[in-house]
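Below are the chains, spelled out letter by letter.
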Amino acid sequence: MSPIARIIAEDAVAMEQLRAVRALALPDWCIAAGFVRNRVWDHLHGISPARPPVDIDVLYYDAADIGKEREAEFEARLGELMPGLPWQIRNQARMHIWKGLPQHRDTADSMTYWLETVTAVGVRLEADDGLSVVAPLGIDDLLGLRCRPAPYGRVQRAEYDDRIATKRWRELWPKVQFLD
């Protein structure tokens with residue numbers, strides 16, 4: 001089991017959230033971004049239990065239905081399964097539109113267009129209760145407490161820098177090294 005899968009598997013709250021999303025039977029799905037990054041960094045900083053996330057980013061890929069309506073339906077269903085949580089569900093088959101990019105091939109491909117490497121990590125709870133890690137840019141930076149721009153973040157450097165400052169990651173996780 002990967003270190004990331006182990007950290008998530010030991011978090012009862014995270015596992016309950018993953019079971020709820022799995023119940024939706026979304027195609028090519030994972031929960032990513034702060035759901036994974038924050039838990040891993042909290043764990044590596046000795047913060048237990050992990051702090052609650054600002055939102056829970058659920059990704060899936062369905063090129064046959066790129067309307068926002070389905071996303072709202074899925075969020076409502078998760079709200080019924082686990083009320084009061086900040087669910088944010090996005091079909092990655094349409095995320096290229098607002099960025100002016102070619103259509104993504106799948107969920108992992110869409111994550112390569114995120115601003116930082118440590119955010120482009122997700123987990124999926126499989127039917128056999130095993131955890132799969134989706135990390136198209138790797139996991140070394142996340143586990144090594146290094147934050148750096150992804151290739152897309154280097155192109156969008158001002159947005160990357162603003163995001164790092166706005167999220168207050170330097171204050172929340174002082175062991176993290178911020179690299180260019």
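Description of the structure in this document. No experiment lies behind these values; they were computed from the predicted model shown. (Residues numbered from 1 in each chain as written. Predicted model: local features only at pLDDT ≥ 70, side-chain atom pairs only at ≥ 80, totals over all residues. Heavy atoms only, no water.)

**Examining the overall build of the protein chain**
A count of helices and strands for the protein chain gives 10 helices and 7 strands. Since a compact globule built from 180 residues should have a radius of gyration of about 16 Å, the 16 Å found for the protein chain is in line with a globular shape. Along the three orthogonal principal directions, the C-alpha set of the protein chain runs to about 40 × 40 × 30 Å. Split into buried and exposed, the 180 residues of the protein chain put 45% on the buried side. Look at the contacts in the protein chain between residues 6 or more apart in sequence, and 69% of them connect residues 24 or more apart. Element-wise, carbon and sulfur atoms account for 51% of the exposed surface of the protein chain, whose accessible area totals about 8800 Å². Positive and negative side-chain charges in the protein chain, numbering 23 and 27 respectively, have mean positions lying 4 Å apart. (Helix = DSSP H or I, 4+ residues; strand = E, 2+ residues; numbered from the N terminus. Rg over C-alpha atoms; globule rule 2.2 N^0.38 Å. Buried < 20%, exposed > 50% of the residue type's maximum accessible area, 1.4 Å probe, protein only. Contact = heavy atoms within 4.5 Å. Areas by Shrake-Rupley, 256 points an atom, 1.4 Å probe, with all protein chains shown as cover. Lys, Arg positive; Asp, Glu negative; His and termini not counted. Charge placed at Lys NZ, Arg CZ, Asp CG, Glu CD.)

**A few points about the pairing of strand β5 (residues 131-134)**
Across 4 bridges, strand β4 (residues 122-125) lies against β5 in antiparallel orientation. For Val-123, the partnering residue across the bridge sits in β5 and is Val-133. If you look at the hairpin formed by β4 and β5, you'll find 5 residues sitting between the two strands, and Asp-129 has a positive phi there, around 70 degrees. (Pairing = 2+ DSSP bridges.)

**A look at the side chain of Arg-94**
Mapped onto the fold, Arg-94 is located in the loop between β3 (87-91) and α5 (95-99). In this structure the side chain of Arg-94 is engaged in a polar contact, spanning 2.7 Å, whose partner is the side chain of Glu-71. Apart from the residues within four sequence positions on either side, Arg-94 is in contact with Ile-66, Lys-68 and Glu-71. (Polar contact = N/O pair within 3.5 Å; in protein donor to acceptor, adjacent residues only side chain to side chain.)

**Re the side chain of His-96**
By secondary structure assignment, the location of His-96 is in helix α5. Given a relative accessible area of 12%, His-96 falls into the buried group. Those residues in contact with His-96 that lie beyond four places of it in its chain are Leu-101, Pro-102, Gln-103 and His-104.

**Let's talk about the sheet that holds strand β1 (residues 30-32)**
Strand order in the open sheet made by the 5 strands is β3-β2-β1-β4-β5, with mixed pairing throughout. Looking at the sheet topology across the chains shown, the edges are occupied by β3 and β5. Recorded for the sheet is a direction-independent mean angle of 30 degrees between the axes of neighbouring strands. Against the sheet, helix α3 (residues 34-44) makes contact with β1, β2 (56-60) and β4, and its axis sits at roughly 55 degrees relative to β1, the strand it touches most. (Axes fitted to C-alpha atoms, helices over the stretch in contact; angles between N-to-C directions.)

**A closer look at the environment of Asp-11**
With respect to the helices and strands, Asp-11 occurs in the loop between α1 (3-9) and α2 (12-22). Taking the C-alpha atoms as reference, Asp-11 lies 8.7 Å from Arg-39; in sequence the two are 28 residues apart. Residues contacting Asp-11, with those up to four places away along its chain left out, are Arg-39 and Ala-50.

**Focus on the environment of Gly-79**
Inspection of the secondary structure puts Gly-79 in helix α4 (residues 68-81). We classify Gly-79 as partly exposed; its relative accessible area is 27%. Gly-79 sits 59 residues away from Ala-20 along the chain, and the two C-alpha atoms are 9.7 Å apart.

**Points about the nonpolar core**
Membership of the largest hydrophobic core comes to 41 residues, with the highest contact counts inside it found for Ile-8, Leu-18, Phe-35, Trp-41 and Val-58. Counting residues per element, the ones that place at least two in this core are α1, α2, α3, β2, α4, β3, β4 and α9 (157-167). The element that contributes the greatest number of residues to this core is α2, accounting for 5 residues. Contacts of Val-58, omitting those with residues within four sequence positions, involve Val-21, Leu-26, Cys-30, Ile-31, Leu-78, Trp-87, Gln-88, Ile-89 and Arg-90. (Core = buried A, V, L, I, M, F, W, Y, C linked by side-chain atoms within 4.5 Å.)

**Considerations on α3**
Of all 11 residues in α3, 9 are buried; the element is thus mostly enclosed. For α3, the complete set of buried residues consists of Gly-34, Phe-35, Val-36, Arg-37, Asn-38, Arg-39, Val-40, Trp-41 and Asp-42. Downstream of α3 by one or two residues, Gly-46 has phi in the positive range, about 75 degrees.

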